[in-house]
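Examining the three-dimensional arrangement
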Amino acid sequence: MNPNSDPIELQKFSDLAHRWWDPESEFKPLHQINPLRLDWIDQHAKLADKEVLDVGCGGGILSESMAARGARVTGIDLSEKALGVARLHLFESGLQVDYHHASAEDFANAHPARFDVVTCMEMLEHVPDPASTVAACARLVKPGGQVFFSTINRNPKSYLFAIIGAEYILRLLPRGTHDYAKFIKPSELSRHARSAGLVPHELIGMHYNPFTQTYSLGRNTDVNYLMSTVRER
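Residues numbered from 1 in each chain as written. Predicted model: local features only at pLDDT ≥ 70, side-chain atom pairs only at ≥ 80, totals over all residues. Heavy atoms only, no water.

Examining a nonpolar patch on the surface
The condition that has to hold: Surface patches are drawn from residues lacking salt bridges whose relative accessible area is over 30%; two like charges belong together within 9 Å, two nonpolar side chains (Val, Leu, Ile, Met, Phe, Trp, Tyr) within 5 Å. Accessible surface is estimated by sampling points in the Shrake-Rupley manner with a 1.4 Å probe; for residues, cover comes only from the protein chains shown. Definition used for salt bridges: Asp or Glu carboxyl oxygen within 4 Å of a side-chain nitrogen of Lys or Arg. Numbering goes from the N terminus for both helices and strands, where a helix is a DSSP run of H or I of at least four residues and a strand is a run of E of at least two.
Residues Tyr168, Ile169 and Leu170 make up a contiguous nonpolar surface patch of about 300 Å² in total accessible area. Tracing the chain through its elements places Leu170 in the loop between helix H7 (156-169) and helix H8 (186-195).

Concerning the pattern of salt bridges
Put simply, the rule reads: Exposure classes here rest on a 1.4 Å probe applied to the protein chains alone. A residue is buried below 20% of its type maximum, exposed above 50%, and partly exposed in between.
The tally for this structure, following the rule as stated, stands at nine salt bridges. Among the ionic pairs, Lys142 bridges to Asp116, the shortest N-O distance being 3.1 Å. With a gap of 26 residues between them, Lys142 in strand S5 (residues 141-152) and Asp116 in strand S4 (residues 115-121) connect regions that are remote in the sequence. Looking at Lys142, the relative accessible area reads 30%, which means it is partly exposed. With its nearest N and O atoms 3.3 Å apart, the salt bridge here joins Asp222 to Lys157. One end of the pair, Asp222, is in the loop between strand S7 (214-218) and strand S8 (224-231); the other, Lys157, is in helix H7, with 65 residues separating them in the sequence. Judged by its relative accessible area of 28%, Asp222 is partly exposed. Within this structure, Asp39, Asp42 and Arg69 form a network of salt bridges that share partners.

Some words on the environment of Trp21
Counted only if it meets this: Whether two residues are in contact is decided by their heavy atoms: any pair within 4.5 Å suffices. Identification of polar contacts relies on pairs of N or O atoms within 3.5 Å, with a donor-acceptor requirement for protein atoms, meaning one able to donate a hydrogen and the other able to accept it, and with residues adjacent in sequence counted only if both atoms are side-chain atoms.
Along the chain, the position of Trp21 falls in the loop between helix H1 (7-15) and helix H2 (28-45). Sequence spacing of Trp21 and Ile152 is 131 residues, and the spatial spacing of their C-alpha atoms is 23 Å. Setting aside residues no more than four positions away along its own chain, Trp21 makes contact with His31, Gly59, Gly60, Ile61, Glu64, Val85 and His89. Among the polar contacts listed, one links the side chain of Trp21 to the backbone oxygen of Gly59, at a separation of 2.8 Å.

Let's talk about the environment of Leu36
Relative to the helices and strands, Leu36 resides in helix H2. For Leu36, a relative accessible area of 23% puts it in the partly exposed group. Between the C-alpha atoms of Leu36 and Leu217, which are 181 residues apart in sequence, the distance is 7.5 Å. Contacts of Leu36, omitting those with residues within four sequence positions, involve Met206, Tyr215, Ser216 and Leu217.

With respect to the pairing of S5
Inclusion rule: What makes two strands pair is DSSP finding at least two bridges between them. Here, the term right-handed applies to a crossover whose path from the first strand over the helix to the second runs clockwise when the strands point away from the viewer.
Counting buried positions along S5 gives nine out of twelve residues, so the element sits mostly inside the fold. With six bridges connecting them, S4 and S5 associate as parallel partners. In the sheet register, Cys120 faces S5, and the bridge partner there is Phe149. What joins S4 to S5 is helix H6 (residues 130-140), and the crossover it makes is right-handed.

Comments concerning H8
Looking only at H8, the buried set comprises Pro186, Glu188, Leu189, Ser190, His192 and Ala193. On the buried face of H8, the contacting elements are H6, S5, strand S6 (198-209) and S8. Two residues or fewer after H8 comes Gly197, characterised by a positive phi angle close to 90°.

Here is the structure:
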């Protein structure tokens with residue numbers, strides 16, 4: 001197995017894979033934020049007719065929604081169970097997504113500069129070496145193409161909201177979903193991106209309102225945030 005993976009993290013999501021498409025399951029937050037992140041990506045990249053790679057696609061929630069916008073989507077993940085669920089759900093949705101069991105690094109070696117758009121959402125905080133994943137995403141996208149990331153900031157507020165609040169108080173996520181030490185500051189992600197030849201373009205935060213139980217995008221990047229980047233030519 002590629003060294004840039006955590007067997008415990010893989011097992012964690014594999015154990016829950018059968019619940020990926022249940023909007024009231026542990027993956028409810030993914031279902032809730034998906035329209036926001038999809039619209040944000042589409043506004044930047046104009047997904048229709050683009051070759052798109054979804055890195056860490058899991059059960060295919062984002063992959064399918066991008067395919068529904070007219071993109072030709074490939075999804076990769078290291079969880080065979082999650083990919084099995086993703087492939088099975090295509091029979092229900094009628095959409096077309098090409099799923100592969102592969103790491104970003106290995107796929108980049110096999111398919112350099114193949115894609116117009118690469119997405120890597122809610123994944124970097126689950127790998128041992130996020131810089132390696134960012135570099136692989138940079139190799140996978142064509143010169144002038146766009147790479148989109150989302151992850152969690154590292155500071156006392158993010159610990160309070162993303163772990164104590166989301167996992168223990170509001171129970172939006174199973175306990176142990178996140179490891180605070182793996183959270184990534186925007187400055188760190190920007191540095192990884194620039195080192196890989198990606199130019200950061202937009203940084204935006206994602207917020208959860210516990211009273212309305214809704215998510216929104218805004219300027220505050222203290223907890224969850226998204227970053228768009230462009231590969232230099």
